[in-house]
Amino acid sequence: MVHEYRSQLRLSPNSNEEDMGLLLAPRLAYFAAVARHEHVTRAAAEMGVPQSTLSRAMVRLEQDLGVSLFARRGRTVSLTPAGRRFLTAAERALAEVERAADTVRADADPTAGRVAFGFLHTMGSETVPGLIRAFRVDHPRIRFTLVQNYGEAMIERLRAGDLDLCLTSPVPDAPDLVARRLDEQRLRLVVPDDHRLAGRKRVRLAEAADETFVTLEPGYGLRRITDDLCAEAGFKPRVAFEGEEAETLRGLVAAGLGVALLPPPAVPRPGVVELTVTAPRAVREIGVAWLDGHPDTAPVAAFKKFLLSRRGHLLPKEPAAPLLSEEPAARRLPEEPSPPQ
């Protein structure tokens, strides 16, 4: 929603009820120059404008404010008490604008600029540090502002202008966004190491229909994927706990609170067994998203190109799963067919 704001300050008859901030902004530098020199001609020379233009601007400024800012003696002027108070505020405003200009110029610097990058919690321990490390080999001075959050929150911050790019899952499909699929990650059914399924290597998700699940909270992409996969397997999961971190869920699985569908851990965790899900196909797609139609600074463009170049090998290799005995032959699941040679 856009809120319209109208200044209640006194305006001149010719101002057409403009917002006072917009009205004053172009004149603040002129005013500060006249106040600094106490001479209209010298101020006009500094600003590179005709003396008559500067004089008219100061008269109009006083009319719009409804107060006298200067006491005039020919082309020499001095500030009134109101003018001195206004100068203090004008100098603060101009300094703030200059600082903002310096910041955005620095952020856009091709060699030492800034990238605001968001990513999922599960990408933070290994994937994102590895990406940044590889990128900085060729761009050692580029700076990052990093935001770790769940998918929907990052998309909101992308739309708000807080992020340039975000690494998320599922890959969003929205008219105001551009999204590119980069990789996919297998999800595993994680069970306690003393669970009835713990001696298996593979499992159909339907075999966990009677289990209690620990999941991420609604709004997280992995929660949506979990719900969708369970629905595809023919059941709705009974949820014992909803959290914010995948590794917290692994710990709760190890404590026997339930089972979980999770991406592989950065390092194997004791107390749990991670089973390959054979049906339905349990994967999540990882993609990068940005706002459509927004021009990139040079650092953002470079990092975006780098991410797109990692398509198909964005994620680190999964750690080798511990060797487990197969289930008894009478209950063994059929192996997936080998690809043709």
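Residues numbered from 1 in each chain as written. Predicted model: local features only at pLDDT ≥ 70, side-chain atom pairs only at ≥ 80, totals over all residues. Heavy atoms only, no water.

*Asks:* Whenever I open this one, the sheet that holds strand β11 (residues 260-262) confuses me. Can you help?
*Replies:* Strand pairing in a sheet is mediated by backbone hydrogen bonds. Such pairs are either parallel or antiparallel. In space, the four strands of this open sheet follow the order β8-β12-β7-β11, with mixed pairing throughout. The open sheet has two edge strands with one neighbour each: β8 (202-204) and β11. The average undirected angle you get between the axes of adjacent strands in this sheet is 45 degrees. (Pairing = 2+ DSSP bridges. Helix = DSSP H or I, 4+ residues; strand = E, 2+ residues; numbered from the N terminus. Axes fitted to C-alpha atoms, helices over the stretch in contact; angles between N-to-C directions.)

*Asks:* How should I be thinking about helix α7 (residues 221-232) in this particular structure?
*Replies:* Spanning 12 residues, α7 covers 17 Å between terminal C-alpha atoms, matching the ideal 16 Å at 1.5 Å per step. Here α7 has its buried residues at Gly221, Leu222, Arg223, Ile225, Thr226, Leu229 and Cys230. Buried-residue contacts for α7 involve β9 (212-216), β10 (238-243), β11 and β13 (283-291). Positive backbone phi, approximately 100 degrees, marks Gly234, located one or two places after α7. (Expected span 1.5 Å × (residues − 1). Buried < 20%, exposed > 50% of the residue type's maximum accessible area, 1.4 Å probe, protein only. Contact = heavy atoms within 4.5 Å.)

*Asks:* Hey, could you run me through unusual backbone geometry in this one?
*Replies:* Note: most peptide bonds trans; most residues except glycine with negative phi. Between Ser169 and Pro170 the backbone carries a cis peptide bond, its omega angle lying at -5 degrees. By secondary structure assignment, the location of Pro170 is in the loop between β5 (165-168) and β6 (177-186). With an omega of -10 degrees, the peptide bond between Ala279 and Pro280 qualifies as cis. Looking at where Pro280 falls in the secondary structure, it is placed in the loop between β12 (272-279) and β13. Unusually for a residue other than glycine, Glu38 sits at a positive phi of about 50 degrees.

*Asks:* I keep staring at the layout of surface pockets and nothing clicks. Help me out?
*Replies:* A water-sized probe rolled over the atoms picks out the places where empty space is left. What the largest pocket holds in volume is close to 480 Å³. Along the walls of the largest pocket sit 24 residues, with Thr122, Gln185, Pro264, Pro265 and Ala266 positioned nearest its centre. When its residues are assigned to classes, the lining of the largest pocket shows 10 nonpolar, five polar and nine charged. Its volume calculated, the second largest pocket comes out at about 360 Å³. Around the second largest pocket, the lining comprises 17 residues; the ones closest to its centre are Leu163, Asp164, Pro295, Thr297 and Val300. (1 Å grid on protein atoms, 1.4 Å probe; cavity = no way out; pocket = protein on both sides within 12 Å on 5 of 7 lines; lining within 4 Å. Points joined across faces, edges and corners; volume = space filled by probe spheres on them. Nonpolar A, V, L, I, M, F, W, Y, C, P; charged D, E, K, R; others polar.)

*Asks:* Could you clarify how one ought to interpret the side chain of Gln185 in this entry?
*Replies:* Take Gln185: it is sitting in strand β6. You can call Gln185 buried: its relative accessible area is 10%.

*Asks:* Explain the pairing of strand β2 (residues 76-79) here, please?
*Replies:* Each regular strand carries side chains that alternate between the two faces of the sheet. In this sheet, β2 lies alongside strand β1 (residues 70-73) in antiparallel orientation, the contact comprising four bridges. Of the residues in β2, the one forming a bridge with Ala71 is Ser78. Turn length for the β1-β2 hairpin, with the two strands adjacent in sequence and antiparallel, is two residues, and the turn residue Gly74 shows positive phi of about 70 degrees.

*Asks:* Would you mind going over the pattern of salt bridges with me for this structure?
*Replies:* Pairing between side chains becomes possible if they bear opposite charge and their charged atoms approach one another. Overall, the coordinates contain 22 salt bridges when judged by the stated rule. Across the pair Asp102 and Arg105 runs a salt bridge, and its minimum N-O distance is 2.5 Å. Of this pair, Asp102 and Arg105 both sit in helix α4 (residues 81-107), three residues apart, which is roughly one turn of the helix. In this structure, Arg181 and Glu285 form a salt bridge, with 2.9 Å as the shortest nitrogen-oxygen distance. Taken together, the residues Arg181 in strand β6 and Glu285 in strand β13 connect sequence positions 104 residues apart. Its relative accessible area of 36% is what places Arg181 among the partly exposed residues. Salt bridges sharing partners connect three or more residues here, namely Arg181, Glu184, Arg281 and Glu285. (Salt bridge = Lys/Arg side-chain N within 4 Å of Asp/Glu carboxyl O.)

*Asks:* Sorry, what's going on with the packing of helix α2 (residues 40-47) against helix α3 (residues 51-65) here?
*Replies:* Each packed pair of helices is defined by two parameters, the angle between the axes and the distance between the axes. Contact geometry for α2 and α3: axes closest at 8 Å, N-to-C directions at 110 degrees. With respect to their mutual orientation, α2 and α3 come out roughly perpendicular. Residues Val40, Thr41, Ala43 and Ala44 of α2 pack against Gln51, Leu54 and Ser55 of α3. By residue class, the composition of the contact of α2 with α3 is four nonpolar, three polar and no charged. (Parallel < 35°, antiparallel > 145°, perpendicular 65-115°, else oblique.)

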